[in-house]
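Residue-level structure breakdown
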Amino acid sequence: MQLDRIDRKILDLMMRDATLPVAQIAEVVGLSQTPAWKRLQKLEATGVITGRVALVDPAKIGLGLIVFMGVEAADHSVEWRETFRATIEDFPQITEVYRMAGAVDYLLKLVLPDTAAFDRFYLEFTTRLPCRNITSSFAMETLRHRSGWPINVTTA
C-alpha cells in the first residue's frame, strides 16, 4: 500500500494515542470525519495498523526487571529453529524476539518480576532448548521507550 502524507499523519497520531476520536484525527490532518474514518479503516484492513493496545508501566504491575538475553543456537538446523519458535511461544515473559546478525543468533527481551523469576525462567528455558551459549544483560534504567515508529509526516 502506498501511503501519502495524510495517511502517515494519521499513523503518527494513532501511534501516539490510539484512543483519539476520529473527529480529532480528522481536524489535525485536515479532513472531514468520514474521509478520515475511511482512511483509518483502510489502514487497518490492509494490515498497516495491526492492532490497538494500552501501554502499561511494567513496574507498576510488579514487573520490575527487564533482561536482554542473547541466544546462540546449538545448531542451525530446521529442527532447532522449529523447536526455538515453539519454545518462545510458551513463555509470556518473552516480549520481543529478533533473529540477529553478529555475535548472537537471537536477541530476546524479557520482562519479569525479579532475578529469582529470571532464574526460574532460565532453568526452564535451557532445559527445553539446547543452546550453544546464552548471555544475559539486565537493564538498570529505561531512558527511552517508544511504541511508535519514526514516520515522515512532512513530505509527500
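Below you will find a few notes about this structure. (Residues numbered from 1 in each chain as written. Predicted model: local features only at pLDDT ≥ 70, side-chain atom pairs only at ≥ 80, totals over all residues. Heavy atoms only, no water.)

1. With respect to the packing of aromatic side chains
Counted only if it meets this: For Phe, Tyr and Trp, rings pair up if their centres lie within 6.5 Å, where Trp contributes its six-membered ring, and each pair is then called stacked (planes under 30 degrees apart), edge-to-face (over 60) or tilted (otherwise). Secondary structure elements follow DSSP: runs of H or I no shorter than four residues count as helices, runs of E no shorter than two count as strands, and numbering proceeds from the N terminus. Three exposure classes are used, based on accessible area relative to the maximum for each residue type with a 1.4 Å probe and protein chains only: buried under 20%, partly exposed in between, and exposed over 50%.
Throughout the structure, instances matching the rule amount to nine aromatic pairs. Measuring from centroid to centroid gives 6.1 Å for Phe 118 and Tyr 122, while their planes differ by 45 degrees, and the two rings are tilted. In this pair, Phe 118 and Tyr 122 both sit in helix H5 (residues 115-128), four residues apart, roughly one turn of the helix. Take Tyr 122: its relative accessible area is 29%, and that puts it in the partly exposed class. Here the aromatic residues Phe 91, Phe 118, Phe 121, Tyr 122, Phe 125 and Phe 138 are joined through ring pairs into a cluster of three or more.

2. What to know about the nonpolar core
Inclusion rule: What makes a nonpolar core is a set of buried Ala, Val, Leu, Ile, Met, Phe, Trp, Tyr and Cys residues whose side-chain atoms join them at distances within 4.5 Å. In what follows, a contact means two residues having at least one pair of non-hydrogen atoms within 4.5 Å.
Within the largest apolar cluster, 20 residues are counted, with the highest numbers of intra-cluster contacts made by Met 69, Leu 108, Leu 110, Phe 121 and Phe 125. Apart from residues no more than four positions distant in its own chain, Leu 108 is found in contact with Val 67, Phe 68, Met 69, Val 71, Phe 84, Ile 88, Ile 94, Glu 96, Val 97 and Phe 125. Counting residues in each nonpolar core, the second largest holds 11 residues, with Ile 6, Leu 11, Val 29 and Ile 49 among its members.

3. A closer look at the sheet that holds strand E3 (residues 106-112)
What counts, and what does not: Two strands pair if DSSP finds at least two bridges between them. To obtain an axis, a line is fitted to C-alpha atoms, over the contacting stretch when the element is a helix, and the angle between two such axes runs from 0 to 180 degrees between their N-to-C directions.
Ordered by their spatial adjacency, four strands build an open sheet running E2-E3-E1-E4, and the pairing between neighbours is antiparallel. Of all strands in the sheet, those with a lone pairing partner are strand E2 (94-99) and strand E4 (131-138), marking the two edges. Taking the axes of each pair of neighbouring strands and ignoring which way they run, one obtains an average angle of 20 degrees across the sheet. In this sheet, E3 lies alongside E2 in antiparallel orientation, the contact comprising five bridges. Within E3, the residue paired with Arg 99 across the bridge is Tyr 106. Contacting strand E1 (65-73), E2, E3 and E4, helix H4 (residues 78-89) runs over the sheet at an angle of about 15 degrees to E3.

4. Remarks on helix H1 (residues 5-16)
Selection rule: For a helix, the expected span equals 1.5 Å multiplied by the number of residues minus one.
End to end, H1 covers 17 Å across 12 residues, agreeing with the expected 16 Å (1.5 Å per residue, within 8%). All of the buried residues along H1 are Ile 6, Asp 7, Arg 8, Ile 10, Leu 11, Asp 12, Leu 13 and Met 14. On its buried face, H1 is in contact with helix H2 (22-29) and helix H3 (33-45).

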